[in-house]
Amino acid sequence: MLRLIRNDIRSNATYLLLVFMIMNLALVSSLSWYHYPHRYHSLQAGFGWAIIMVLIVYLRDAYYQGQLLNRSLPIPVPTIVLARYVTVILLTSMTILYGWLYQALLETFVPHLSRSYLAAQMESGYAVELSVIARVLGLCILFSVVTPLVFRYGTFWRIVVGFFAVEVVYGRFIDQLLALSLRATFFFGLSRWLFFASLIALASLAISARISVWLYDRRIS
Amino acid sequence: MMENVIEIETLRKEYKGFTLGDISFNVPKGYVTGLIGPNGAGKTTIIRLIMNLARRKRGAIRVFGLDNIEHGVQIRDRIGFVYDTSYFYEDQRLDVLGRAIGPFYSRWDQHRFESLIDQFQLSPRKTLAALSKGMKTKFALALALSHDADLIVMDEPTTGLDPLFRRELLEMLREVIQNDEKSILFSTHITSDLDRIADYAVFIENGQLHCTLWKDEIQEKWGIVRAREDFITEDNKALFRGWRKHGHGFEALTVDLPHVRQLALGDLVFEKPTLEDILFFLHKDATHAPTH
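Residues numbered from 1 in each chain as written. Chains lettered and ligands numbered in written order. Predicted model: local features only at pLDDT ≥ 70, side-chain atom pairs only at ≥ 80, totals over all residues. Heavy atoms only, no water.

Peer 1: Go over the overall build of chain A with me, naming the residues and quoting the values.
Peer 2: Secondary structure summary: chain A contains eight helices and zero strands in total. When the helices and strands of chain A are read in sequence order from the N terminus, they spell out α-α-α-α-α-α-α-α. Going through the 221 residues of chain A one by one, you find that 50% of them count as buried. Long-range pairs, those at least 24 residues apart, make up 86% of the contacts in chain A with a sequence separation of at least 6. (Helix = DSSP H or I, 4+ residues; strand = E, 2+ residues; numbered from the N terminus. Buried < 20%, exposed > 50% of the residue type's maximum accessible area, 1.4 Å probe, protein only. Contact = heavy atoms within 4.5 Å.)

Peer 1: Help me get a handle on the side chain of Ser-42 of chain A, residues and values and all.
Peer 2: All names here are of chain A. Within the secondary structure layout, Ser-42 lies in helix α3 (residues 41–63). Using a relative accessible area of 2% as the deciding quantity, one classes Ser-42 as buried. A polar atom in the side chain of Ser-42 sits 2.7 Å from the backbone oxygen of Gly-99. Not counting residues within four places of it along the chain, the set of residues in contact with Ser-42 comprises Leu-27, Gly-99, Tyr-102 and Gln-103. (Polar contact = N/O pair within 3.5 Å; in protein donor to acceptor, adjacent residues only side chain to side chain.)

Peer 1: Tell me what's going on with the environment of Arg-56 of chain B, and back it up with residues and numbers.
Peer 2: Residue and element names in this part refer to chain B. Here Arg-56 lies in the loop between α1 (43–50) and β4 (58–63). A relative accessible area of 19% means that Arg-56 is categorised as buried. Setting aside its immediate chain neighbours within four residues, Arg-56 contacts Leu-11, Arg-12, Lys-13, Leu-49, Ile-61, Asp-67, Asn-68 and Ile-69.

Peer 1: Any chance you could break down the pattern of salt bridges for me, citing the residues and the numbers?
Peer 2: Under the defined criterion, the tally for this structure stands at 20 salt bridges over all chains. For Asp-8 of chain A, the salt bridge goes to Arg-84 of chain A, with nearest N and O atoms at 2.8 Å. Residue Asp-8 of chain A is found in helix α1 (residues 2–11), and its partner Arg-84 of chain A is found in helix α5 (residues 77–109); the two are separated by 76 residues along the sequence. Judged on exposure class, the residue Asp-8 of chain A and its partner Arg-84 of chain A are both buried. A salt bridge links Asp-148 of chain B to Lys-182 of chain B; the shortest N-O distance between them is 2.6 Å. Here Lys-182 of chain B lies in the loop between α6 (163–176) and β8 (183–188) and Asp-148 of chain B lies in the loop between α5 (133–145) and β7 (151–155), a separation of 34 residues in the sequence. The class of Asp-148 of chain B is partly exposed, set by a relative accessible area of 38%. Residue Lys-182 of chain B is classed as buried on the basis of its relative accessible area of 11%. Residues participating in the shared-partner salt-bridge network are Arg-78, Arg-107, Asp-148, Asp-150 and Lys-182 of chain B. (Salt bridge = Lys/Arg side-chain N within 4 Å of Asp/Glu carboxyl O.)

Peer 1: Now, about the nonpolar core: what can you tell me, with residues and values included?
Peer 2: One finds Ile-6, Phe-88, Phe-139 and Phe-203 of chain B to be the most contacted residues of the largest nonpolar core, which totals 137 residues. Those residues within four positions of Ile-6 of chain B in sequence are excluded, and the remaining contacts are Phe-25, Asn-26, Val-27, Ile-50, Ile-61, Arg-62, Val-63, Leu-151 and Leu-185 of chain B. Counting residues in each nonpolar core, the second largest holds 12 residues, with Ile-56, Leu-91, Tyr-102 and Leu-106 of chain A among its members. (Core = buried A, V, L, I, M, F, W, Y, C linked by side-chain atoms within 4.5 Å.)

Peer 1: Residue-level account of the packing of aromatic side chains, with values.
Peer 2: All names here are of chain B. Scanning the model with the defined rule gives 21 aromatic pairs over all chains in all. An aromatic cluster of at least three residues, connected via ring pairs, comprises Phe-81, Tyr-83, Tyr-87, Phe-88, Trp-108, Phe-113 and Phe-139. Above the plane of the ring of Tyr-15 lies Lys-13, whose end atom (NZ or CZ) is 5.0 Å from the centre. Its guanidinium or amino end placed over the ring of Phe-64, Arg-78 lies 3.8 Å from that ring's centre, counting from NZ or CZ. (Phe/Tyr/Trp six-rings, centres within 6.5 Å; stacked < 30°, edge-to-face > 60°. Lys NZ or Arg CZ within 6 Å of the ring centre and 35° of its normal.)

Peer 1: Explain the sheet that holds strand β14 (residues 269–271) of chain B to me, using residue names and the numbers behind them.
Peer 2: Residue and element names in this part refer to chain B. Taking strand neighbours across the sheet as the criterion, the four strands line up as β12-β13-β11-β14 in an open arrangement whose pairing is antiparallel. Each having just a single partner strand, β12 (240–246) and β14 make up the two edges of the open sheet. Along the sheet, successive strands turn relative to each other by an average axial angle of 20 degrees, direction set aside. (Pairing = 2+ DSSP bridges. Axes fitted to C-alpha atoms, helices over the stretch in contact; angles between N-to-C directions.)

Peer 1: Residue-level account of α1 of chain B, with values.
Peer 2: For α1 of chain B, the buried fraction is high: seven of the eight residues fall into the buried class. Turning to α1 of chain B, its buried residues are Lys-43, Thr-45, Ile-46, Ile-47, Arg-48, Leu-49 and Ile-50 of chain B.

Peer 1: An account of a nonpolar patch on the surface is requested, with residue identities and associated values reported.
Peer 2: Residues and elements named next belong to chain A. Nonpolar side chains collect at one region of the surface, where Phe-187, Phe-188, Phe-195, Phe-196, Leu-199 and Ile-200 lie side by side and expose about 600 Å² of accessible area between them. Elements represented by at least two residues in the nonpolar patch include exactly α7 (156–188) and α8 (190–217). Along the chain, Phe-187 falls in helix α7. (Patch = residues over 30% accessible without salt bridge, like charges linked within 9 Å, V, L, I, M, F, W, Y side chains within 5 Å. Areas by Shrake-Rupley, 256 points an atom, 1.4 Å probe, with all protein chains shown as cover.)

Peer 1: So what's going on with the interface of chain B and chain A? Which residues, and what values?
Peer 2: Facing 26 residues of chain B, the contacting portion of chain A comprises 23 residues. Summed over both sides, the interface between chain B and chain A buries roughly 2,500 Å², with carbon and sulfur atoms accounting for 58% of that surface. The three residues of chain B that bury the most area against chain A are Leu-53, Tyr-89 and Phe-104 of chain B, which together make up 30% of that side's buried surface. If you look at where chain B meets chain A, you find one salt bridge. Its salt-bridge partner being Asp-91 of chain B, residue Arg-60 of chain A comes within 2.8 Å of it at the nearest N-O pair. Tallying contributions element by element places helix α3 (residues 94–101) of chain B first for the side of chain B that touches chain A, with four residues. (Buried area = accessible area lost by both parts, 1.4 Å probe.)

Peer 1: So what's going on with the sheet that holds strand β2 (residues 18–28) of chain B? Which residues, and what values?
Peer 2: Residues and elements named next belong to chain B. Spatial ordering of the open sheet is given by β2-β1-β4-β5, a layout of four strands whose pairing is antiparallel. Each edge of the open sheet carries a strand with a single partner, namely β2 and β5 (66–67). Pairing analysis gives eight bridges linking strand β1 (residues 4–15) to β2, with the strands arranged antiparallel. Looking at β2, one finds that Tyr-15 is bridged to Phe-18. Contacts between α1 and the sheet are confined to β1, β2 and β4, with β1 contributing the most and set at about 115 degrees to the helix.

Peer 1: An account of the confidence of the model for chain A is needed here, citing residue identities and associated values.
Peer 2: Per-chain confidence: chain A averages 84 in pLDDT, with 89% of residues scoring 70 or above. Mean pLDDT values over the elements of chain A span from 81, in helix α2 (residues 13–33) of chain A, up to 90, in α8 of chain A. (pLDDT = per-residue confidence, 0-100.)

Peer 1: Explain the environment of Leu-151 of chain B residue by residue, including any values.
Peer 2: Note on placement: Leu-151 of chain B falls in strand β7. Between the C-alpha atom of Leu-151 of chain B and that of Lys-57 of chain B, which follows or precedes it by 94 residues, the distance is 25 Å.

Here it is, written out as structure tokens:
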């Protein structure tokens, strides 16, 4: 499985690096353009760019019909699917983490460039913890729904069109999740809500992976 | 008793507008088997079903005596494949692709891969995108031959290749089966390629199995017959397939040449059929349309 993950990242490395550079440019420019950049702006951007990182992997795989190659090799279908899930989680986490570290690095090494407010918020009205929980949960549910569909029906153009649909859904969906995250924190307390949210995220990914295996196995090439 | 590497029994697959219908045939061990048929006959569908890239509706496929779905991983470890189109990331270098793909095989031999790349005059530091169609096929073949595969499955590998490289490729395949342990399943609509190397041929048309033939059998029993039209009678009509009238006579394929020779009264002309001739006459026979 490790070889598959390494192949996934290595074969897309040029494009991932390109997206990473564009992400940095976007972060640098937003610092100078925004008059009142909030402290977690780059973390928020990390969530947005994470979807594009995953899009690169899906798109290139669909373009070169990677499933044709993978399924012709002596690799069990569950391993192929699981490796793709790990790649997606890895890329997403690293992009989000980079977004989070970006502001911290800036403030540590070049504090004069940082004009951020020290408000601990990603979205106004919500503590950053609630936003992070809601966004992570949102991404997990999103990938849980999208990935099986990509495994079964993913062609280059379907993924391109689907990406825009996903962006719209994610944008709309996140507001609902933020409100839910806030209510759940009031109701359960932060640590319990964090536990439940993690449970939901893991369960949705596990169910999704199982469905992906089933669908991928039945994909007509 | 002859050993088979692939056994297909009443295989059925349905697509919208195309049905591969209940076909059965075997691929014998140690030989080159040609899967022949016109475009759209179902050759690629059969190969995809064997490779488990598509799900059969019913029937059974056993490769090396094992069910191809249940033992897919074991089976694919012993198969080298060359498809009609490139399925690798084309912006990757050949050596990188070799290192990425090869180690999935339990019997992968990196030295053999490197020597084949060298033998095929491919530059390992070039990207796949920089190669011609023929060179891409060579690369796929190098991968297929570098893990000591017992069966090489090739789907239209010679389509779009220049005649010189096609000859070269066929020579390479001849070398592969020298020790009688390896087998090749080769699908193509360019029958002249199979005339050169195939020992056994499976004819497919419109998703149906027409017939299976040993090349020796073709040499002994099959022939193209040309004669006067009055030679055909109701009694001997069954001996001829896909007959067609031309000029003052007729032309047909016979599957019982010795018998027809016995019937001959001296004005028959016989010719050894190529696989293309057989494909043509069988197609005529299937469509029941004598041509003029």
